[in-house]
Structures are given as C-alpha cells and as structure tokens.
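# A structural walkthrough
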Amino acid sequence: MHYTLRNKLPSSAIFTTVDAVLNWGRLSSLWYLLFGTACCAIELMQTGGPRADLDRFGAVFRSSPRQSDLLIVAGTVTYKMASRIKRLYEQMADPKYVISMGSCSNCGGLFDLGYSVLRGIDKVIPVDVYVPGCPPRPEALTQGLLVLQEKIRKQRYLTREA
C-alpha cells in the first residue's frame, strides 16, 4: 500500500520574517549574568528561585559573560567596580542587553552622596530597562524582563529603516 504525504499535511502555510524568528529565539532564551553587589542581589536570587521562576521565560543564569546575553546589575556600584562591570559587558557577545535593578544601580540610591559611589550604571554601559525600587521585589524584576522581551520582539536586524 502506497501512502502519500501530500494528503496528510494540512493545507495551511505560515508566513513570517527572518527578523521575527530571530527575535523569538532571542527573547525566549535570555541567559543572564549574575552580578549582584548589595541587597538587590538577594532579590535577584529570589527571582531566579522557585517562587518567581525566571526559567519559565527562558531566562537562565550563567556564570560566564561569554555565555550570557543579558547583564542584570543589581545593587550599589562603586567607581572601582564600574570598570569591572564594563569589562564584563564588553566580553558579552552581541546582541547584549542590560537591566539596571534597584535605586542604587539606577541613580546611586541612598548612597549617592558617597565619594566612591557611581550615580547610575548608565554612565558606564548602556541600559535597556530600569527596574525601580529599594530593593525591587521579584515581581518588579519579572516585569522588567517582560519589558525587555517586548523590546527585543520589536527589534529589526535585517531590514533597513528609511
């Protein structure tokens, strides 16, 4: 008996762009580099834990910048630490994204009067999403990740804009 595959397949077709497929793959597999320097790091660890569960969004932590495409800066950043963060950012492969988590990494927080505290990580590396709070709850970081995913979904790599 001879079966034909033509009769078994549905008569529908899916049309999409290469950008949409690439963006779907990028937003569904964000591997983030753990970088916590203060109390926000505890909330970052809680977000990766079983209650908030970033794994359901495809976000998995990595310990190497060469395997990460998302840098989450959580906590107070000093001038001495800023050069290390910049080096880690430069070691990440493109495309790379940054989430600034907490008031201290956003603008210096309550330590901004200190002589050694950087007043915002955006003075060293570009930031895609800011998550406010002191420290922000795991739900806020989850919302920040969803905002970043929406930003990735709208990116265009292969098409030129006029």
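### A word on the pattern of salt bridges
For the coordinates displayed, the defined rule picks out 5 salt bridges. Linking K86 and E90 is a salt bridge whose minimum nitrogen-to-oxygen distance equals 3.7 Å. With K86 and E90 both in helix α3 (residues 79-91) and 4 residues apart, this pair spans about one turn of that helix. Across the pair D94 and K96 runs a salt bridge, and its minimum N-O distance is 3.9 Å. Taking relative accessible area as the criterion, D94 reaches 66% and is therefore assigned exposed. Note on K96: relative accessible area 18%, which makes it buried.

### Re the sheet that holds strand β1 (residues 31-36)
The strand order across the open sheet formed by 5 strands is β2-β1-β3-β4-β5, and the pairing between neighbours is parallel. Pairing within the sheet leaves two strands with one partner each, and these edge strands are β2 (60-62) and β5 (129-131). The average undirected angle you get between the axes of adjacent strands in this sheet is 30°. One ladder, built from 5 bridges, connects strand β3 (residues 70-74) with strand β4 (residues 97-101); its direction is parallel. Looking at the pairing, A74 lines up with M101 of β4. Sheet contacts for helix α2 (residues 39-48): β1, β3 and β4; angle to β1, the most-contacted strand, approximately 150°. Against the sheet, α3 engages β1, β3 and β4, with an angle of about 170° to β1.

### A closer look at the side chain of S100
As for its placement among the helices and strands, S100 is situated in strand β4. Separated by 2.9 Å, the side chains of S100 and S105 make a polar contact. Those residues in contact with S100 that lie beyond four places of it in its chain are V73, S105, N106, I121, V127, V129, Y130 and V131.

### Observations concerning the pairing of β4
Counting buried residues in β4 gives 5 out of 5 residues, a clear majority hidden from the surface. Along β4, one buried face is formed by Y97, I99 and M101 and the opposite face, lined by V98 and S100, is buried too. Chirality of the crossover, the property in question, places the unit of β3, α3 and β4 among those that are right-handed. Pairing geometry for β4 and β5, over 3 bridges, is parallel. Residue pairing in the sheet places M101 in a bridge with V131 of β5.

### Here we look at the environment of V60
By the element assignment, V60 lies in strand β2. By relative accessible area, V60 is classed as partly exposed at 32%. Taking the C-alpha atoms as reference points, V60 and G48, separated by 12 residues in sequence, lie 8.0 Å from one another. Not counting residues up to four positions away in its chain, the partners in contact with V60 are L30, W31, Y32 and D55.

### Quick notes on the state of the cysteines
Across all of its chains, the model carries 0 disulfides by this definition. We note that C134 lacks a disulfide partner, and the nearest cysteine sulfur, in C104, lies 5.5 Å from it.

Calculation notes
- Residues numbered from 1 in each chain as written.
- Predicted model: local features only at pLDDT ≥ 70, side-chain atom pairs only at ≥ 80, totals over all residues.
- Heavy atoms only, no water.
- Salt bridge = Lys/Arg side-chain N within 4 Å of Asp/Glu carboxyl O.
- Helix = DSSP H or I, 4+ residues; strand = E, 2+ residues; numbered from the N terminus.
- Buried < 20%, exposed > 50% of the residue type's maximum accessible area, 1.4 Å probe, protein only.
- Pairing = 2+ DSSP bridges.
- Axes fitted to C-alpha atoms, helices over the stretch in contact; angles between N-to-C directions.
- Contact = heavy atoms within 4.5 Å.
- Polar contact = N/O pair within 3.5 Å; in protein donor to acceptor, adjacent residues only side chain to side chain.
- Right-handed = clockwise from strand over helix to strand, strands pointing away.
- Disulfide = S-S within 2.5 Å.

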